Amino acid sequence: MPMASDMRVTKHARKLTKSTILAALLVFGGAQTALPDDLTTAGNATGAATEMAAATTGGGMSRATVYAQAKALSAIGARLFLDPRLSGSGKLACSSCHDPAHAFAPANGLAVQMGGVNMHQPGVRAVPTLMYLQVVPQFSEHYFDNEDEADESVDNGPTGGLTWDGRADSKSDQARIPLLSNFEMANVSADAVADAAEKAGYIAELQQILAPAVLGTKTQKFDAVLKALEVYQQDPATFYPYSSKYDAYLAGKAVLTPQEQRGLTAFSDPDKGNCSSCHISDRANDGTPPQFTDFGLIAIGLPRNMAIPANKDPAYVDLGVCGPLRTDMKDHPDYCGLFKTPTLRNVATRKTFFHNGIFHTLRDAVAFYATRDSDPGRWYPHRADGTIAKFNDLPQRYWPNLNSDPPFDGRKPGDKPALTDAETDDIVAFLQTLTDGYRPAQ
Ligand code: HEC
Ligand code: HEC
């Protein structure tokens, strides 16, 4: 069937996969040499460096040189990530919001973080983790899942991209956003970032690593800063270590407690949580450990969070893919209310949950799934007339966009919840096995 195979080609070309990196390595390695045993842990950092090398030198470097360059760029990226001198206020680093000690999410429990030139500008969304972003596919309106070899023609709809609405496609694209956003790092321009980086000595170091390429213009300097940040964020040991208890369990090196095991069962059971239909918990066909997301953009109808200052204005509604932060899909009313399915790896270390930071405990986040429809009064405000303002952060004309898979499958108030309290506790216990840094008892 020519159509199906065309789809496969597009889909594979779109994905930021190991094969892209492999191809890049082969070009620069010069020959079809053996690849590192574990590309998931060695490949991606090299991929980005290789891309940079390709852009700057036209190729011809040995693989050892490419690796060395990637390592050096990554080390500078790590320092840039921690450096507040790169912000307009001089007070905000990437790490102020994405704290390395908290799985690259905030250390505090605020729904949104403060930024801007005077550090008085609140953000509008919760800060996501930066871990396990290495295989996020580029944004696409029609995503065909290559895991499902039997039926290539299933269109999973809008999927992928970085940020909660999928509007950025690479980590260097993405880094532009906070560096220039007036409520985040608030630099007046890309040139200002280049100047700040130069003043702090980074450009001279980057120039040395990237020679013979010349970082002559401010645009080239800014791009080199972005690239160093991107390469750093692809460091496997830091950003995708796969070192949780669940990973040890999958490798046969740990045993889940009875409660964790019950939680995994309820998490995967289509008649219970059905969580794994979106937050995938099985290894991919190629053996890649589970990412706990299918990267889908989905509307789940969260309550409006009045702790976000922007929400004091009733006219302001964050509609995710259709805007207002994202602008290229504003004529797609069918995308209003859609946000990206995040990984659940390290989710137990978070202090706020979902794109609007509405919940502050993992248990509430899970209980919302269990009882959104059977007990809406627990989650949504009551109007003066006693009725419940269900889906109060999504104008009614967009309600058809809401996901209707289990556990959101048409339960009514008073119906049996999708999960019992005990099953909710079990899932919370299971989610705690997804925290990296597990050390088995000796
Ligand atoms: C003021 C807090 C703040 C700072 C500082 C900040 N970020 Fe973020 N970051 C966020 C928020 C909020 C989001 C989600 C944005 C959205 O969905 O629109 C985000 C999203 C991201 C994402 C996408 C994650 C995903 O799941 O798709 C990446 C990558 C990222 N930031 C990297 C950086 C880098 C690199 C820096 C420094 C140059 C940085 N951030 C500085 C708050 C911050
Ligand atoms: C239909 C797809 C889908 C299903 C099924 C699903 N989720 Fe989600 N999950 C999402 C999306 C989309 C988000 C982000 C929504 C948002 O913020 O607007 C999310 C976010 C979360 C978060 C917040 C993570 C963070 O970083 O803030 C948790 C926790 C979570 N889901 C747990 C679960 C559990 C537990 C189940 C099963 C009971 C489940 N999910 C079922 C799609 C799904």
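Residues numbered from 1 in each chain as written. Chains lettered and ligands numbered in written order. Predicted model: local features only at pLDDT ≥ 70, side-chain atom pairs only at ≥ 80, totals over all residues.

**So, the packing of helix H13 (residues 362-371) against helix H14 (residues 421-431)**
The test is simple: To get an axis, a line is fitted to the C-alpha atoms, and for a helix only the part in contact is used. The angle between two axes follows their N-to-C directions and goes from 0 to 180 degrees. Only DSSP runs of H or I with at least four residues qualify as helices, and only runs of E with at least two residues qualify as strands; both kinds are numbered from the N terminus onward. An angle below 35 degrees is treated as roughly parallel, one above 145 as roughly antiparallel, one from 65 to 115 as roughly perpendicular, and anything else as oblique. With the far helix as reference, a near helix turned anticlockwise by less than a right angle produces a left-handed crossing, and one turned clockwise produces a right-handed crossing. Distance between backbone-placed C-beta atoms decides contact: two residues are in contact if it is within 7 Å. Basically, the charged four are Asp, Glu, Lys and Arg, the nonpolar ten are Ala, Val, Leu, Ile, Met, Phe, Trp, Tyr, Cys and Pro, and anything else, Gly included, counts as polar.
Where H13 contacts H14, the axes come no closer than 9 Å and their chain directions differ by 130°. For the element pair H13 / H14, the angle class is oblique. When you trace H13 past H14, the crossing you get is right-handed. Touching Leu-362, Arg-363, Val-366, Ala-367 and Ala-370 of H13 are Thr-424, Ile-427, Val-428 and Leu-431, all from H14. For the contact of H13 with H14, a count of residues per class yields seven nonpolar, one polar and one charged.

**Focus: the environment of Gly-337**
Our working rule: Every C-beta atom is placed from the backbone, and the number of other C-beta atoms within 10 Å of a residue's own sets its class: buried at 20 or more, exposed at 12 or fewer, partly exposed in between.
Position of Gly-337 among the secondary structure elements: in the loop between strand E3 (297-298) and strand E4 (339-340). Exposure remark for Gly-337: the 28 C-beta atoms within 10 Å place this residue in the buried category. Considered as a pair, Gly-337 and Gly-301 are 36 residues apart in the sequence and their alpha carbons are 7.4 Å apart. Each residue touching Gly-337, except ones within four places of it in the same chain, is listed here: Ala-299, Leu-319, Gly-320, Leu-394, Tyr-398, Asn-401 and Leu-402.

**Focus: helix H9 (residues 218-232)**
Since there are 3.6 residues in each turn of an α-helix, residues three or four apart along the chain are aligned in direction. Rules: A helix is expected to reach a length of 1.5 Å times the quantity of its residues less one.
Taking 1.5 Å of rise per residue, the 15 residues of H9 would be expected to cover 21 Å, and the 21 Å separating its terminal C-alpha atoms lies within 8% of that figure. Among the 15 residues that make up H9, eleven are buried, leaving the element largely enclosed by the rest of the structure. Every buried residue of H9 is accounted for by Lys-221, Phe-222, Ala-224, Val-225, Leu-226, Lys-227, Ala-228, Leu-229, Glu-230, Val-231 and Tyr-232.

**Things to note about the confidence of the model for the protein**
The cut-off we apply is this: Along the chain, pLDDT gives the predictor's confidence residue by residue, from 0 to 100.
Overall, the prediction assigns the protein a mean pLDDT of 86, with 84% of residues at 70 or greater. Every residue in residues 1-47 scores below 50 in pLDDT, and together they form 60 contacts with partners more than four places removed in sequence or on other chains.

**What about the site of ligand 1?**
Formally: Should the C-beta atom of a residue, placed from the backbone, lie within 6 Å of a molecule or strand, that residue is near it.
Among the 26 residues in the neighbourhood of ligand 1, the closest are listed as Cys-94, Cys-97, Leu-162, Trp-164 and Pro-178. Mapped onto the shell around ligand 1, the elements with two or more residues apiece are helix H5 (94-97) and helix H6 (171-180). It is H6 that contributes the most residues to the shell around ligand 1, five residues altogether. Grouping the amino acids of the shell around ligand 1 by side-chain chemistry returns 15 nonpolar, seven polar and four charged.

**Overview of the packing of helix H12 (residues 258-268) against H14**
At their nearest, the axes of H12 and H14 sit 7 Å apart, and the two run at 105° to each other. As the angle between them shows, H12 and H14 are arranged roughly perpendicular. For the pair formed by H12 and H14, the contact residues are Gln-259, Glu-260, Arg-262, Gly-263, Leu-264, Ala-266 and Phe-267 on the first element and Glu-423, Asp-426, Ile-427, Ala-429 and Phe-430 on the second. Considered class by class, the residues forming the contact of H12 with H14 number six nonpolar, two polar and four charged.

**Looking at helix H8 (residues 202-210)**
Where we set the bar: It is the directions from the helix axis to the C-beta atoms whose arc is reported.
Of all the residues in H8, the buried ones are Tyr-202, Ile-203, Leu-206 and Leu-210. Looking straight down H8, one finds that the buried residues subtend no more than 90° of arc, so they occupy a single side. Turned more than 90 degrees away from the buried face of H8 sit Ala-204 and Gln-208, all of them exposed.

**Some words on the nonpolar core**
Side chains of nonpolar character tend, in soluble globular proteins, to be buried together. Our working definition: A set of buried Ala, Val, Leu, Ile, Met, Phe, Trp, Tyr and Cys residues, joined to one another through C-beta atoms within 7 Å, is what we call a nonpolar core. For each domain, the first and last residues come from an automatic or database assignment.
Val-225 and Ala-228 are the most contacted members of the largest nonpolar core, which has 77 residues in total. Counting residues per element, this core draws most heavily on H9, at eight residues. In terms of domain composition, this core takes at least three residues from each of domain 1 (2-131 + 170-239) and domain 2 (245-434). Once residues lying within four places of it in the same chain are set aside, the contact partners of Ala-228 are Leu-73, Ile-76, Gly-77, Leu-80 and Leu-206. Core analysis: the next-biggest nonpolar cluster, separate from the first, contains 15 residues, Trp-164, Leu-297, Ile-298 and Leu-394 among them.

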